[in-house]
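Residue-level structural notes
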Amino acid sequence: MSDTTTNSSVESALSPTTGEPVEVTGARDKLGVWMIIVSCTTGTIALLVSYAYLWSLNVNGAWAPTPGHANWAPVWPFWVIFTAMFIATLIMWNGYRGLSKGNVGGMKSAALLSSLLLLAAFIGQVVQIATFPFGPADGGYASAVLWLAIANAIWLFVAIFLATAIFNRTRAGRVAQENPNHARLVAMFMTYLCVASFLGCVFTTVMQESPNTNSPPFGTFSQ
Amino acid sequence: MHLVKEWLQRPYVRRILWITVAITAVIIALSFVMVAFMNQSGGPASSIMDEIEKTMFVLTIACAPLMAATLAVLTYSWWGGWGSVAATDAPTEDGPGIKTNGVAVVTWITICSLLAGFLVVWGLVELATITSSSYGSVPANQQPNSVKPVDVNVTAQQWLWSFEYPDSGKITSSVLVLPVNVPAYFNVTSLDVVHSFWVVEEGVKIDANPGAITNTGFTPTKLGTFNVRCAELCGLHHAYMETQVKVVTQEQFNSWIREQGGNKTS
Amino acid sequence: MSTAVAIHEEAHVPQPKQVGRPGGFLRRTNFLTALISGVVTAGVFWVVTDKITTAVAGAGATNSMALPSGLNINITMMYIGWVIGFMAGIGAFAGPIRWFLGHDLTHADAEYMAGKDMGREKFWKFTTDHKVVGIQYLVVTLILFGFGGLLAMLIRTELGATWTEVFNPNFYNSIIGTHGIVMVIAMIIVISGPIGNFIVPIMCGARDMAFPRLNALSIWLLVAAVPPLVSNLLMGGIRDGWTVYQPLADQAPIGMIGYQICIITFAFSTGIASVNLITTIVRMRAAGMTWSRTPILVYGILGSSIMGLVWFPMYQYSQILALSDRTLLTSFFVPASGGSVWLYENLFWLLGHPEVYVIVIPATAGMLEYLPVFVRKPLFSYRLAVAGIFGVVGLSAVVWVHHMYMTGWAPQSNYPFMLSTEMISIPFSFLVLVVLGTMWRGKPWKRLPMMAVYAVVWNKVIGGITGVFLSDTPVDQYMHGSMFVVAHFHYMLMGAGLFGAMGVTAYFFPKMIGRYLDEFWGSVGFWTAFAGFQVTFMSMFVAGLQGMPRRVLQFDSLFNISNWISTIGAYIIGIGMLIFLYAIIESWRNGIPAPDNPWGGKTLENFTTTPVPHENFPVLPVVTSGPYDFGTPDPYELADDAIMQQTEGAEKVSAQS
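Residues numbered from 1 in each chain as written. Chains lettered and ligands numbered in written order. Predicted model: local features only at pLDDT ≥ 70, side-chain atom pairs only at ≥ 80, totals over all residues. Heavy atoms only, no water.

Side note on the overall build of chain A
Check the secondary structure of chain A and you find 5 helices and 0 strands. The order of α-helices and β-strands along chain A, N terminus first, is α-α-α-α-α. The globule rule puts the C-alpha radius of gyration for 223 residues at 17 Å, and the 22 Å found for chain A is more than 25% above it. Seen through its principal axes, chain A has C-alpha atoms that stretch 80 × 30 × 25 Å. Pairs at least 24 residues apart make up 78% of the contacts formed inside chain A by residues separated by at least 6 positions. Within the structure as shown, chain A displays about 9,600 Å² of accessible surface, and the carbon and sulfur contribution to it stands at 68%. For chain A, the distance from the average position of its 9 positive side-chain charges to the average position of its 8 negative side-chain charges is 7 Å. (Helix = DSSP H or I, 4+ residues; strand = E, 2+ residues; numbered from the N terminus. Rg over C-alpha atoms; globule rule 2.2 N^0.38 Å. Contact = heavy atoms within 4.5 Å. Areas by Shrake-Rupley, 256 points an atom, 1.4 Å probe, with all protein chains shown as cover. Lys, Arg positive; Asp, Glu negative; His and termini not counted. Charge placed at Lys NZ, Arg CZ, Asp CG, Glu CD.)

If you want it as structure tokens, here you go:
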């Protein structure tokens, strides 16, 4: 009943648990991942909206980092981290495309390279958070940027797990030419992460100084 | 058309229509009861509250026929107008196989859409009306009124209200005193958490937000003492965060200002 | 194309290597190991965090209290430890770890995890069988309602005792908030949980849900989320309404962290459950079940799941950011440091509004599902019902500001949102027409589910008209923040939602449990609660009209009479609900055994045995017609046709002559 060899023909790989063709279970998995992406998108929007809203209101004049001991975050680290994620995603897609044509070794190295790039991005993100020129209590901008960065870090961690898993599974033969779906799903999710990260980069680059320069001081009625 | 006439001849249709008429009458009567409850503490005391009560009548009467028709069908079915099968028995035959009825669907959707449309238009017009007679989105210095309005700065904090009259030498008071028939405009803020400035019988409410200034206004039309309550949970003594609004004559208002140590600036 | 695989073929499917005994790590995990693991991990996280925060607090600090938010950080990490530990202890991490390592599940593993041949033990474990998960949801829901109901009795006792303060205001404020959130959570899951999990896959003609392991994950995440919430009352309480508006929530003691962790966890549970339900409904309906033959309950759960999936992260993030303000001292909602209360309110209500439809749509769809069976007529205008459901789902996204008319956030926005709020009544009216049309000229079979329909439509009409009042901004200027709002949403969420859920549960009870719900005691409980409900909340409308604010434990003597009446009504509700609970428990143990088709319905779950076998169907069904194929030819139409034929015949004769 148990069999260590996977199936022989390319067209008829079957799911071990339900016996259905992997195209069928793969279609379900794909819809599931799309739904997860939809839900995560709302979360990303929540953070971006928070950033933009606090930027536009400048409540009590406290959006900008407190002058004197805090500063805007430098912009280039955001883009470097994003670029690493972007390249990792391209590599993963490339690996998947190669796998569909039979290049298992290519998929393995793509997944490995992707994982390492994501790991570098994660480390970079953590370093960026630790070296922000402000603390969490330094106003609206500080709070919003901090959480965009924390969210990115958390999702990077998840992405490392996913990419390394694909590497492992390809080695174990669980991801193969006749059953490549999981690699595709991980690549899809990484694409979403790139989009979310990109938007975060745009917001933090373009929206720094608040347009609202005369918000009333807290608790008073004067302008 | 003769199909509709034929439909109206059916006994159950007639009975349901009569029940609808009866329930509509009850609902309309209830609208008077509702407004009576709203006036129990002395209102309406401003034109805004008048508009609100008028709207209650209009909304109820407009929706009454549809509500009544729904309840009438419900009642007729429940009372066994079309028969019924007891709980201890089991159904032995199927009912009429009506999958849909184009006329019913179109009629229903049309009526509901017209009703919704009417409610929207009424509501939008009403909102514009009460906004123009209160601060709303129109700044004080653009009011076309000939009477100079009374400006009040309302500060909410845990757990009391303070009112400041900036035009009268910045006197402060914990009771809101206003002259009758003079528009009053309010700038509202909070020193800590979200409160809500509710002048009950005058029909106005606006949240008091920390870090922001919101506005409302009304013209009191009735002399008397009315209620100001906090309408947003603000902590331990939220239930006790009440004060009064005293609407007095212009002379009484002026002398009150002088008593508080202020000067009437106009 | 049928992907049906009969059981005997699966032995020939190539299997991965069996790692350990079937089930692996899950052989050793259950609720008890989860509890122990959760508590231990919570303790470990507390200790470790304490050490770290003490160190961060700097030289001379003896404990983490030296850091301004030190205690908050400790409590937060403790609760996070509880959730992680609990999930580890139930075996939730085994799946991802095995996937990561490439040790995929074999068929034997899957059968073990589905609880095949396992007896009662499977209800205490990480079991993937959707029928087991459905029962687990039912039990958790009953517990949540019991707790929320107890809190309601306490609230009404306080409000009825107008001459004194029974509880101190902080405790009172905590119990109203806890009552609110417990009931909201219970109502979100009451139909999608038990019925969505147990019945919907069978009704779709599938063997299980799309992602069985995610199914188990969603119920156990819910279980993990409950203790943090409930424990808030022991930790100073949340001292805020269920909406936990900032910045008041920031002033609350550490009990608030329990609320926040609960919501963050519950959001994951709900999101996962939504993904599962949507994928199952979209991809696993039986051969021949086209979208025009899909039962309306399935549509309702689909619509509700879509709304929950899309909008829950807004609420989740509002709590994450609030927790961040509390622990990291960020200032998302601290106005003095650049935060905005309106940001919180918007994030909250962006979910808060679709949420009420997440609650009401499944209950309504459930009643539409079984109403044809009890009048033995087709569902009136099935397409209109589907349009109504998706009209509500679509419009629910653009009405949230009606909860914020009075915030002063953007007064000009009140106009378009009043428009959208009125517009949403139109698709809702479609659903009402479908109920009335189905009832029309039908002979109701007066069993409890049918009688529940009458109760629910009555409540919906009252909830509906009062909703029209509140949607009108000028009227809301009087009503917002008063007891009128409380009565309105109880009429919708409890009157239509909960009583509807009771009817739907009575309908599916025989299929799920194998026994009919006791008709007599179920009805006595239902109608007692219904009568009490009318008394309580009609009187509450009066209190609101008179000008009583909400969330107050002491008030003007003008409101005394309406509060006394409401309290008496509430005790009657309590008695009725206890009787209904008794009916459930007694029927579960000793009820009349149910046949394969308990009510004479035509949906797929009636074409398998009761109790439902492990694989749901020996052979997967193929659907050839819609589920509401009741009805004999309409005698009025036949008469019309006869008249038309006679007229045509007479015309032909006169034309010929």
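Considering the overall build of chain C
When helices and strands are counted, chain C shows 21 helices and 0 strands. Taken along its principal axes, the extent of the C-alpha atoms in chain C is 115 × 75 × 50 Å. A fraction of 82% describes how many contacts in chain C between residues 6 or more apart in sequence connect residues 24 or more apart. Here chain C has roughly 21,400 Å² of accessible surface; of this, 69% comes from carbon and sulfur atoms. Averaging the coordinates of the 34 positive side-chain charges in chain C and doing the same for the 35 negative ones gives two points 8 Å apart.

Some remarks on unusual backbone geometry
Trp159 of chain B follows Gln158 of chain B through a cis peptide bond whose omega is 0°. Along the chain, the position of Trp159 of chain B falls in the loop between strand 1 (150-157) and strand 2 (160-165). Cis geometry is found at the peptide bond from Gln246 of chain C to Pro247 of chain C, where omega equals -10°. With respect to the helices and strands, the residue Pro247 of chain C is situated in the loop between helix 8 (212-230) and helix 9 (248-251). A positive phi angle, close to 55°, is found at Arg376 of chain C, a residue other than glycine. Within the secondary structure layout, Arg376 of chain C lies in the loop between helix 12 (341-375) and helix 13 (382-395). Residue classification places Arg376 of chain C among the buried residues on the basis of a relative accessible area of 15%. For Arg551 of chain C, which is not glycine, the phi dihedral falls at a positive 65°. With respect to the helices and strands, Arg551 of chain C occurs in the loop between helix 19 (519-546) and helix 20 (560-590). We classify Arg551 of chain C as buried; its relative accessible area is 12%. (Buried < 20%, exposed > 50% of the residue type's maximum accessible area, 1.4 Å probe, protein only.)

Overview of the side chain of Ser482 of chain C
Topologically, Ser482 of chain C is positioned in the loop between helix 17 (473-479) and helix 18 (483-513). Each residue touching Ser482 of chain C, except ones within four places of it in the same chain, is listed here: Trp198 of chain B together with Gly544, Met548, Pro549 and Arg550 of chain C.

So, the sheet that holds strand 3 (residues 171-173) of chain B
Residues and elements named next belong to chain B. Spatially, 3-2-1-5-8 is the arrangement adopted by the 5 strands of the open sheet, whose pairing is mixed. The sheet terminates laterally at strand 3 and strand 8 (214-218), the two strands that pair on one side only. Sheet twist, expressed as the mean angle between neighbouring strand axes with direction ignored, is 25°. Bridge count for strand 1 against strand 5 (residues 184-190) is 7 bridges, and the pairing is parallel. (Pairing = 2+ DSSP bridges. Axes fitted to C-alpha atoms, helices over the stretch in contact; angles between N-to-C directions.)

Some remarks on the packing of helix 14 (residues 414-423) of chain C against helix 15 (residues 425-439) of chain C
Two quantities define a packed helix pair, namely the angle between the helix axes and the distance between the axes. Residues and elements named next belong to chain C. At a minimum axis distance of 5 Å, the contact between helix 14 and helix 15 shows a crossing angle of 10°. On the basis of the axis angle, helix 14 is roughly parallel to helix 15. Taking contact as the criterion, the partners of Thr421, Glu422 and Met423 in helix 14 are, on helix 15, Ser425, Ile426 and Pro427. In terms of residue class, the contact of helix 14 with helix 15 is built from 3 nonpolar, 2 polar and 1 charged. (Parallel < 35°, antiparallel > 145°, perpendicular 65-115°, else oblique. Nonpolar A, V, L, I, M, F, W, Y, C, P; charged D, E, K, R; others polar.)

With respect to the environment of Thr216 of chain B
As for its placement among the helices and strands, Thr216 of chain B is situated in strand 8. Separated by 12 residues in the primary sequence, Thr216 of chain B and Val204 of chain B have C-alpha atoms spaced 7.3 Å apart.

Quick notes on the pattern of salt bridges
All told, the structure shown has 14 salt bridges over all chains when counted by the stated rule. The salt bridge partner of Glu6 of chain B is Arg10 of chain B, with a shortest N-O separation of 3.5 Å. What makes Arg10 of chain B buried here is its relative accessible area of 10%. The residue Glu93 of chain B makes a salt bridge to Lys443 of chain C at a minimum N-O spacing of 3.9 Å. Residue Glu93 of chain B is found in the loop between helix 3 (47-78) and helix 4 (102-132), and its partner Lys443 of chain C is found in the loop between helix 15 and helix 16 (448-471); the two belong to separate chains. (Salt bridge = Lys/Arg side-chain N within 4 Å of Asp/Glu carboxyl O.)

Thoughts on helix 6 (residues 169-192) of chain C
With 24 residues, helix 6 of chain C should cover 34 Å at 1.5 Å per step; its first-to-last C-alpha distance of 36 Å lies within 8% of that length. Between the side-chain oxygen at the start of helix 6 of chain C and the backbone nitrogen of Asn170 of chain C there is a gap of 2.8 Å, and the oxygen is on Asn168 of chain C. (Expected span 1.5 Å × (residues − 1). Polar contact = N/O pair within 3.5 Å; in protein donor to acceptor, adjacent residues only side chain to side chain.)

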